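So you can see what is in the structure, the chains are spelled out below.
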There are 2 protein chains.
Amino acid sequence: MPPDGLHRASGDATEGARARLLAAAERLFAERGMAGAGLREITAAAGTNLAAVNYHFGSKEKLLEALFTQRARPIVAERLRLLALCRPGRGRPPMLEQILHAFLRPAFSHGAEFGRLRARLSVESEALYRRILSDTFDASTRTFLDAVVAALPALPRAEVTWRFHFMLGTMVSSMANSGRIQSVSDDAIDPAEPEAVLARLIPFLAAGFRAPLPKPPKPRETAPAPGTRPAARRRRP
Amino acid sequence: MPPDGLHRASGDATEGARARLLAAAERLFAERGMAGAGLREITAAAGTNLAAVNYHFGSKEKLLEALFTQRARPIVAERLRLLALCRPGRGRPPMLEQILHAFLRPAFSHGAEFGRLRARLSVESEALYRRILSDTFDASTRTFLDAVVAALPALPRAEVTWRFHFMLGTMVSSMANSGRIQSVSDDAIDPAEPEAVLARLIPFLAAGFRAPLPKPPKPRETAPAPGTRPAARRRRP
DNA sequence: GTTTCTTTCAAACGATCGTTTTATACAGGT
DNA sequence: ACCTGTATAAAACGATCGTTTGAAAGAAAC
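Residues numbered from 1 in each chain as written. Chains lettered and ligands numbered in written order. Predicted model: local features only at pLDDT ≥ 70, side-chain atom pairs only at ≥ 80, totals over all residues. Heavy atoms only, no water.

*Asks:* Break down the overall build of chain A for me, with residues and values.
*Replies:* On a plain count of helices and strands, chain A comes out with 9 helices and 0 strands. Going from N to C terminus, chain A has its helices and strands arranged as α-α-α-α-α-α-α-α-α. When the 237 residues of chain A are sorted by exposure, 50% land in the buried category. As displayed, chain A offers around 11800 Å² of accessible surface, 55% of which is attributable to carbon and sulfur atoms. (Helix = DSSP H or I, 4+ residues; strand = E, 2+ residues; numbered from the N terminus. Buried < 20%, exposed > 50% of the residue type's maximum accessible area, 1.4 Å probe, protein only. Areas by Shrake-Rupley, 256 points an atom, 1.4 Å probe, with all protein chains shown as cover.)

Here it is in structure tokens:
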């Protein structure tokens, strides 16, 4: 019988199996996906029995939830710590680059496997995965959206929100491909080091955030190019 | 017995089953992933028998390959067509925004499901999936990288390559989340329309591409922020 | 009609899936 | 020793997986 609902959440000496299961699940979920990584493979990599996952966590899905609630906490904490350290620029709000650094650095410096796993969940459409991501990262993300909005007083909040989502996509995709960009281009580009990625990513994103406002929505009919399908069945509310 | 290797590749009147299987696979692969979507679910959605996939395509993986080689061709063709239409700006090379539009528009206007499927494969690490993406899109992508390099003569090619990868990540993530951005922010942000996304995405990316060069690599130890450790696991606090 | 090729169908194949069950080993408290 | 709760072990559960088989249906040519 399992111990209790929290499954001995307090620190213990015999946490070996739990920790090894979390590490193995992090690696294999990131490599093969949630549906692709089997419990037998995970438990074999962790050196435990097959039943260990259901005993310690309750189910495969609960294992993923426990993995996220553990790995995300230090990332979110360091983000907020770095954000609090941001000093204002010449004007009142902190420099945009500082905010972006506080947001992006913890995401890149807490393990590439977890970054790949986050990227996997971010393209998932199942409700469980979207809820896990939302529960673990939405609060701090909203805090940083507010900070970026404050740092860009010339832009309306809606526009900053768009660009913030673009930034999230760039971040997630860079985390997913961290360590392997070899395709397209034979240039020496080796984003294994988080600092090397951030040194290029932050100026790129900061310039994008500071881009002038695009022209307001011209409601004109642009004739779609030949061969393009309508691409969307839009539901009428 | 299957007809032959190409399985009647030429247009035929009785292509109903093949086409319906491709459409159903596109939707379900995008929704549940390659490992998550079963052949029974796909064939049921297509209105065919379970054995139809193995008869018409040979295997589940071959179905995915056939799906990509069919869906990617019009996208790549329209990309190159729009690129050829790009007119030079004041200087010699075409405007960066025109190039980005030629690259991004076909990706967003050829079906949201296929965009989500591309996003799924882009975070996959298995060799088959990376090869499918590489075979279908790498050639045209390299052409556009060259065009962007030519449009930004002040930047070294390596830096443009970094930013091009950032752009690919933003594009893929925006395709994956097309139609559902509702998280983070309650602002009215509805990226169902491709043109609405492009109108915001292209200025954002163009400004990022035109960002000044980041400071050259500080070759020595820059003291990392306190508390941040280089991605390793840490001991009990 | 028959013959031949193509496509569809129902059924089954072995393998693997997540989960559960049953039993066993090992603690510490009394 | 005895009991009690915790952790691991091996085996089996039913379900689903991708694939294959062999027969039946359909279509066109003769």
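*Asks:* Before we move on, could you go through the packing of helix α5 (residues 96-108) of chain A against helix α9 (residues 194-209) of chain A and cite the residues and values that matter?
*Replies:* Residues and elements named next belong to chain A. Where α5 contacts α9, the axes come no closer than 10 Å and their chain directions differ by 140 degrees. On the basis of their axis angle, the class for α5 and α9 is oblique. Regarding α5 and α9, the two cross each other, and that crossing is right-handed. For the pair formed by α5 and α9, the contact residues are Leu 96, Glu 97, Leu 100, His 101, Leu 104, Arg 105 and Phe 108 on the first element and Pro 194, Glu 195, Val 197, Leu 198, Leu 201, Ile 202, Leu 205, Ala 206 and Phe 209 on the second. (Axes fitted to C-alpha atoms, helices over the stretch in contact; angles between N-to-C directions. Parallel < 35°, antiparallel > 145°, perpendicular 65-115°, else oblique. Left-handed = near helix turned anticlockwise from the far one by under 90°. Contact = heavy atoms within 4.5 Å.)

*Asks:* Quick one: what's the story with the packing of helix α4 (residues 60-84) of chain B against helix α6 (residues 112-122) of chain B, residue by residue and with numbers?
*Replies:* Residue and element names in this part refer to chain B. Where α4 contacts α6, the axes come no closer than 12 Å and their chain directions differ by 110 degrees. The angle between the axes of α4 and α6 places the two elements in the roughly perpendicular class. α6 is crossed by α4, and the crossing has left-handed handedness. Mapping the contact onto sequence places Leu 64, Leu 67, Phe 68, Arg 71, Ala 72, Ile 75 and Arg 79 in α4 and Phe 114, Leu 117, Arg 118 and Leu 121 in α6.

*Asks:* Let's hear about the nonpolar core: which residues, and what values?
*Replies:* Residues Leu 104 of chain A together with Leu 104 of chain B are the most contacted members of the largest nonpolar core, which totals 78 residues. Excluding anything up to four places from it in sequence, Leu 104 of chain B contacts Met 171, Leu 198, Leu 201, Ile 202 and Leu 205 of chain B. (Core = buried A, V, L, I, M, F, W, Y, C linked by side-chain atoms within 4.5 Å.)

*Asks:* Describe the packing of aromatic side chains, with residues and values.
*Replies:* In total, this model carries 12 aromatic pairs over all chains according to the counting rule given. Connected via pairs of aromatic rings, a cluster forms that spans Trp 162, Phe 166 and Phe 209 of chain A together with Phe 204 of chain B. Between the NZ or CZ atom of Arg 79 of chain A and the centre of the ring of Phe 103 of chain A, over which it lies, the distance is 3.7 Å. Above the plane of the ring of Phe 137 of chain B lies Arg 118 of chain B, whose end atom (NZ or CZ) is 3.8 Å from the centre. (Phe/Tyr/Trp six-rings, centres within 6.5 Å; stacked < 30°, edge-to-face > 60°. Lys NZ or Arg CZ within 6 Å of the ring centre and 35° of its normal.)

*Asks:* Explain the environment of Ala 37 of chain A to me, using residue names and the numbers behind them.
*Replies:* All names here are of chain A. Looking at the element boundaries, Ala 37 is found in the loop between α1 (16-32) and α2 (39-46). Residue classification places Ala 37 among the buried residues on the basis of a relative accessible area of 0%. Separated by 12 residues in the primary sequence, Ala 37 and Ala 25 place their C-alpha atoms 8.3 Å from one another. Ignoring sequence-local partners within four residues, the contact set of Ala 37 consists of Leu 28, Phe 29, Arg 32, Ile 42 and Lys 60.

*Asks:* Can you lay out the environment of Glu 195 of chain A for me, pointing to particular residues and giving the numbers?
*Replies:* Residue and element names in this part refer to chain A. Turning to its location among the elements, Glu 195 is positioned in helix α9. Glu 195 gets classed as partly exposed once you look at its relative accessible area, which sits at 35%. Of the polar contacts made by the side chain of Glu 195, one reaches the side chain of Arg 105; its length is 2.4 Å. (Polar contact = N/O pair within 3.5 Å; in protein donor to acceptor, adjacent residues only side chain to side chain.)

*Asks:* So what's going on with the pattern of salt bridges? Residues and values would help.
*Replies:* All names here are of chain B. Per the counting criterion, the structure on display carries 24 salt bridges over all chains. Its salt-bridge partner being Glu 31, residue Arg 27 comes within 3.8 Å of it at the nearest N-O pair. Taken together, the residues Arg 27 and Glu 31, both in helix α1 (residues 16-32) and 4 residues apart, mark about one turn of the helix. Under the relative-accessibility criterion, Arg 27 is labelled partly exposed at 31%. In this structure Glu 31 comes out as partly exposed when scored by relative accessible area, which is 30%. (Salt bridge = Lys/Arg side-chain N within 4 Å of Asp/Glu carboxyl O.)

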